[in-house]
Amino acid sequence: GENVEQHPSTLSVQEGDSAVIKCTYSDSASNYFPWYKQELGKRPQLIIDIRSNVGEKKDQRIAVTLNKTAKHFSLHITETQPEDSAVYFCAASRNTGFQKLVFGTGTRLLVSP
Amino acid sequence: DTEVTQTPKHLVMGMTNKKSLKCEQHMGHRAMYWYKQKAKKPPELMFVYSYEKLSINESVPSRFSPECPNSSLLNLHLHALQPEDSALYLCASSQLGTGQETQYFGPGTRLLVL
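What this report covers is the structure whose coordinates are included nearby. Remember, it's a predicted structure, so these values are computed and weren't measured experimentally.

With that settled, consider the interface of chain A and chain B. Contact residues are listed per partner, giving 20 residues for chain A and 30 residues for chain B. Both sides together, the interface formed by chain A and chain B hides about 1,800 Å², and carbon and sulfur atoms give 56% of it. Together, R43(A), F98(A) and F103(A) form the three largest contributors to the area buried by chain A at its contact with chain B, with a combined 33%. At the junction of chain A and chain B, the tally comes to two salt bridges. Residue K100(A) is joined to E58(B) by a salt bridge in which the shortest nitrogen-to-oxygen separation is 3.1 Å. Remark: the boundary between chain A and chain B carries nine residue pairs in polar contact (both at pLDDT 80 or more). Those elements giving two or more residues to the side of chain A that touches chain B turn out to be strand 4 (32-38), strand 5 (45-51) and strand 11 (98-99) of chain A. Split by residue class, the side of chain A that touches chain B holds eight nonpolar, seven polar and five charged.

What follows is the structure, encoded as structure tokens:
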């Protein structure tokens, strides 16, 4: 089955810096890669996703890149703000109609003012 | 309406109790999911329903019993739970087969088993 590794487990940056979180997956058939942000006590919220037919996707300060050959994908946050502080989870799945998401272990991002 | 709702928000139950968690969505999604999330861990998939039929059971103990009465509702019946079952239980829903199968999560039910 699919296995997703995520690094780093914690990341501390100063406000305005960039943050990068990296994930690797094992199943070459996986074709959907979402990123979720989870604030303390809240639900996971999708912030960006990418499909295997695309190498990069950007939404304002957030971007995701995918390298299918190496089986890794990364989340890039630019101009970080204190409200970006949260736990970020990557995930991977095959398209089987529904999505059987396999999550990475999470990265706790702390943005200091 | 782009929201998944869950009730109750918090639940405390004894090991001999029977309780149910409820999840509802009105986005027309035909796939619904139950996840369990322990503190500082990622969500772990428990069950998947597609078109109101159970598609995946991730070897979940029988003390957890899912039910999908219709396309908008998903229940999780709990019976004879153990203290280690204490966790945040998340419901999610998504479209099916459209190429836009983004999962939307509910706020969760925080369960404590005494």
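Attention shifts here to the pairing of strand 9 (residues 86-92) of chain A. Residue and element names in this part refer to chain A. Burial of strand 9 is extensive: seven of the seven residues sit out of reach of the surface. Burial of strand 9 is two-sided: the residues A86, Y88, C90 and A92 facing one way and the residues V87, F89 and A91 facing the other way are all buried. As paired strands, strand 9 and strand 13 (residues 107-112) are joined by three bridges and run antiparallel to one another. Considered in strand 13, the bridge of Y88 is made with T107. As defined by bridge partners, strand 9 adjoins strand 12 (residues 102-103) across two bridges and the pair is classed as antiparallel. Note that in strand 12 the partner of A92 across the bridge is V102.

By the definition in use, this model includes two disulfides over all chains. There is a disulfide in this structure between C23(A) and C90(A), and the S-S distance comes to 1.9 Å. Since a negative S-S torsion denotes a left-handed disulfide, the C23(A)-C90(A) link at about -100° is left-handed. Taken as a pair, C23(A) in strand 3 (residues 19-25) and C90(A) in strand 9 lie far apart in primary sequence, 67 residues in all. By the burial criterion, C23(A) is buried, and C90(A) matches it. Between the sulfur atoms of C23(B) and its disulfide partner C91(B) the distance amounts to 1.9 Å. Its S-S torsion of approximately -70° makes the covalent link between C23(B) and C91(B) left-handed.

In this section: the side chain of Q6(B). Residue and element names in this part refer to chain B. Looking at the secondary structure, you find Q6 in strand 1 (residues 4-7). A polar atom in the side chain of Q6 sits 3.0 Å from the backbone oxygen of Y89. At a separation of 2.9 Å, a polar atom in the side chain of Q6 contacts the main-chain amide nitrogen of G108. If we skip the residues at most four places from it in the chain, Q6 touches K22, C23, W34, Y89, L90, C91, G106, P107, G108 and T109.

Cut-offs used in this document
- Numbers given for residues are sequential positions, taken from 1 along each chain in its written order.
- Think of it this way: whatever chain is written first is A, whatever ligand is written first is 1, and the rest follow in order.
- Given that this is a predicted model, residues contribute local features only at a pLDDT of at least 70 and side-chain atom pairs are listed and counted only at 80 or more, while totals for whole chains, interfaces and linings are drawn from all residues.
- Hydrogens and waters are ignored; side-chain quantities use all the structure's heavy atoms.
- Contacts are assigned to residue pairs with any non-hydrogen atoms lying within 4.5 Å of each other.
- The quantity reported as buried area is the accessible area (1.4 Å probe) lost by two parts once they are put together, taken as the sum for both.
- We count a salt bridge whenever a side-chain nitrogen from Lys or Arg sits within 4 Å of a carboxyl oxygen from Asp or Glu.
- N or O atoms within 3.5 Å of each other form a polar contact, as long as, within protein, one can give a hydrogen and the other can take it, and as long as residues adjacent in sequence are counted only when both atoms are side-chain atoms.
- Strands here are runs of E lasting at least two residues and helices are runs of H or I lasting at least four, both read from the DSSP assignment and numbered beginning at the N terminus.
- Note on residue classes: Ala, Val, Leu, Ile, Met, Phe, Trp, Tyr, Cys and Pro are nonpolar, Asp, Glu, Lys and Arg are charged, and everything else, Gly too, is polar.
- Each residue gets one of three labels from its accessible area relative to the maximum for its type: buried under 20%, exposed over 50%, partly exposed in between, using a 1.4 Å probe on protein chains only.
- Should DSSP find at least two bridges between two strands, the strands are regarded as paired.
- Cysteine sulfur atoms are paired as a disulfide whenever they fall within 2.5 Å.

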